Amino acid sequence: QVQLVESGGGLVQAGGSLRLSCAVSGRTFSNYNMGWFRQAPGKEREFVAAIRWSGDVTYYADSVKGRFTISRDNAKSTVYLQMNSLKPEDTAVYYCAADRIIGVVSTRENHYDYWGQGTQVTVSS
């Protein structure tokens with residue numbers, strides 16, 4: 001079984017930065033593409049960013065492009081989400097997810113097989 005544990009969330013002022021981490025255990029980390037999703041209160045969960053198993057391909061939602069950066073360290077079995085220039089509308093619970101099918105990097109929630117418990121990010125205005 002694959003386990004994902006997010007960390008790094010918290011309260012930050014608008015314009016500030018946070019770095020989320022997601023530690024993966026239970027299987028070979030490099031066998032998975034990884035993604036970050038988020039869910040704001042009263043809204044559906046949405047795609048934020050994804051990265052190929054090799055780290056050479058990334059995708060971003062338009063709303064975060066240029067502000068967020070996804071990266072991974074396969075030696076540490078960890079995926080990161082660096083969030084800069086945060087806005088109040090970035091407030092959400094952020095989830096990392098693992099996709100066993102590594103041929104295509106997916107932005108679709110239902111393509112991901114394993115999920116973390118989420119970490120809260122709150123951006124104050």
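Here, the structure is the one placed above.
What counts, and at which threshold
Residues numbered from 1 in each chain as written. Predicted model: local features only at pLDDT ≥ 70, side-chain atom pairs only at ≥ 80, totals over all residues. Heavy atoms only, no water. Helix = DSSP H or I, 4+ residues; strand = E, 2+ residues; numbered from the N terminus. Buried < 20%, exposed > 50% of the residue type's maximum accessible area, 1.4 Å probe, protein only. Contact = heavy atoms within 4.5 Å. Phe/Tyr/Trp six-rings, centres within 6.5 Å; stacked < 30°, edge-to-face > 60°. Lys NZ or Arg CZ within 6 Å of the ring centre and 35° of its normal.

Student: Give me unusual backbone geometry: which residues, what numbers.
Tutor: In most cases, non-glycine residues show a negative phi, while peptide bonds are predominantly trans. Here S77, not a glycine, exhibits a phi torsion of approximately 55°, which is positive. Within the secondary structure layout, S77 lies in the loop between β7 (68-73) and β8 (78-83). At S85, a residue that is not glycine, the phi angle is positive and equals roughly 50°. One can find S85 in the loop between β8 and β9 (92-99). Classification of S85 as partly exposed rests on a relative accessible area of 41%.

Student: A description of the environment of K87 should follow, citing residues and the corresponding values.
Tutor: Summarising the element assignment, K87 is placed in the loop between β8 and β9. A relative accessible area of 35% places K87 in the partly exposed class. Sequence separation of K87 and S124 is 37 residues, and the distance between their C-alpha atoms is 7.8 Å. Residues within four places of K87 in sequence aside, it is in contact with R67 and V123.

Student: Could you give me a rundown of the packing of aromatic side chains, with the residues and numbers involved?
Tutor: All chains considered together, the criterion is met by five aromatic pairs. For the ring pair F37 and W115, a centre distance of 5.0 Å and an interplane angle of 55° mean the geometry is tilted. One end of the pair, F37, is in strand β4 (residues 33-39); the other, W115, is in strand β10 (residues 114-115), with 78 residues separating them in the sequence. Taking the relative accessible area as the measure of exposure, F37 reaches 1% and is therefore buried. Accessibility expressed as a relative area gives 24% for W115, which makes it partly exposed. Grouped by ring-pair contacts, the aromatic residues F37, F47, Y112 and W115 constitute a single cluster. For R45, the ring lying beneath its charged end belongs to W115, and the centroid distance is 3.9 Å. Of note, R72 hangs over the ring of F29, and the distance from its end group to the ring centre comes to 4.2 Å.

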